[in-house]
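# Examining the three-dimensional arrangement
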Amino acid sequence: MPAVTVDDILLLPRISEPDPAVARDRQVLAVTTAPSAFEGEGFPVRRAFAGVDLSDLDPFIHLDQMGEVDYAPGEPKGTAWHPHRGFETVTYIIDGTFRHQDSNGGGGLITNGDTQWMTAGGGILHIEEPPEELVVSGGLFHGFQLWVNLPARLKMANPRYQDIRAGQVALLSSPDGGTLVRVIAGEVDGHAGPGVTHTPITLLHATLEPGAQLRLPWRADFNALGYVLAGSGTAGHDRRPVRTGQLAVFGPGDVITVAARSRADGPSQGLDILVLGGEPIREPVAAYGPFVMNTRDELVQAFEDFQAGRLGTIPAEPHPGHDVL
């Protein structure tokens with residue numbers, strides 16, 4: 001699991017140890033196990049948010065762990081062209097390579113720690129697929145895609161595309177030097193990630209060595225979730241056991257605690273976990289297929305606009321005027 005690594009973690013800025021006299025530890029409200037499914041043209045995913053109430057996820061809607069799968073030659077798969085409206089997609093690749101193209105002219109290749117952040121807003125068409133050379137060769141593929149909701153006032157915002165390279169993420173160390181934290185969006189202890197968000201969120205990928213513990217200062221007005229990508233350990237001050245494919249839903253407070261098992265669990269060394277949270281939007285959600293709106297009438301309108309070709313045309317070649325950050 002390469003993503004971004006460093007030669008000497010002790011040279012990185014260290015996250016401040018929360019003051020136990022004033023810090024409120026978040027307890028774990030629930031631990032759920034993601035069911036397996038297939039997406040797009042048939043690539044395997046784990047549905048990380050399955051069975052969790054939207055009120056606990058807000059402002060997030062959906063999270064798929066893509067892989068981890070070692071494809072044989074000819075096996076890599078992606079998606080066909082499809083529409084989105086009303087939210088943002090965040091695609092983070094840990095192993096392998098994925099190609100994105102959209103009807104707004106955005107797109108490119110992402111690999112080993114890169115992120116593609118697409119604001120669908122009022123409507124966009126896009127496609128995600130492995131490049132031809134990966135289809136021919138096969139190989140390891142692992143990543144995730146997160147859907148971030150947009151408030152009603154931004155549902156119809158102009159589409160936007162952000163190409164975030166692995167080298168742009170903020171890299172931090174835990175106080176004990178046993179955890180590498182990659183901040184993709186939002187901020188941790190005053191260190192900001194590169195992702196520009198319409199909805200205030202924090203998104204990070206942490207790798208804990210066996211026996212390491214990570215205590216993260218966390219905004220009290222944000223919700224908090226932890227999804228285990230690999231390995232096993234515990235979540236929360238109450239040390240609830242978690243393992244690969246499980247999601248921990250945290251309660252209120254301003255500190256998140258996760259820890260790795262003291263010994264490696266199978267092929268996974270330590271614990272790899274996504275930690276994410278955001279400011280709840282607290283608006284009605286009407287979601288169906290590729291659209292996330294506030295009302296059923298808005299969903300109907302989204303389908304009508306798609307069928308009428310008002311969400312874009314394909315294919316689109318990149319052009320100087322498209323909105324890219």
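Every value quoted in this text rests on a predicted model; they were computed, and no experiment measured them. (Residues numbered from 1 in each chain as written. Predicted model: local features only at pLDDT ≥ 70, side-chain atom pairs only at ≥ 80, totals over all residues. Heavy atoms only, no water.)

### Describing helix 3 (residues 296-307)
What sets the pattern is the α-helix's 3.6 residues per turn: residues three or four places apart point alike. Here helix 3 is 12 residues long and its end C-alpha atoms lie 17 Å apart, about the 16 Å a rise of 1.5 Å per residue gives. Taken together, the buried positions of helix 3 are occupied by Leu299, Ala302 and Asp305. The arc that holds the buried residues of helix 3, viewed along the axis, is 125 degrees, so those residues lie on one side. With respect to the buried face of helix 3, the exposed residues turned more than 90 degrees away are Arg296, Asp297 and Gln307. (Helix = DSSP H or I, 4+ residues; strand = E, 2+ residues; numbered from the N terminus. Expected span 1.5 Å × (residues − 1). Buried < 20%, exposed > 50% of the residue type's maximum accessible area, 1.4 Å probe, protein only. Arc of directions from axis to C-beta.)

### Quick notes on unusual backbone geometry
Cis geometry is adopted by the peptide bond preceding Pro59, which originates at Asp58 and carries an omega value of 20 degrees. In this fold, Pro59 is placed in the loop between helix 1 (54-57) and strand 4 (60-71). Cis peptide bonds are those with omega within 30 degrees of zero, and the linkage from Gly67 to Glu68 qualifies with 10 degrees. The phi dihedral of Asn112 falls on the positive side, at around 45 degrees, and the residue is not glycine.

### Considering the sheet that holds strand 2 (residues 36-39)
With antiparallel pairing, seven strands are arranged side by side in an open sheet as 2-3-4-11-6-9-12. Single-partner strands in this sheet number two, and they are strand 2 and strand 12 (160-164). This sheet shows a mean twist of 20 degrees between the axes of neighbouring strands, independent of strand direction. (Pairing = 2+ DSSP bridges. Axes fitted to C-alpha atoms, helices over the stretch in contact; angles between N-to-C directions.)

### What to know about the packing of aromatic side chains
Evaluated as defined, the whole model comprises six aromatic pairs. Members of the aromatic cluster, connected to one another through ring pairs, are Tyr71, Phe98 and Phe141. (Phe/Tyr/Trp six-rings, centres within 6.5 Å; stacked < 30°, edge-to-face > 60°.)

### Details of the pairing of strand 4
Most of strand 4 sits inside the fold, with 10 of its 12 residues counted as buried. In this sheet, strand 4 lies alongside strand 3 (residues 43-47) in antiparallel orientation, the contact comprising three bridges. Bridge assignment links Arg46 to a residue of strand 4, and that residue is Gln65.

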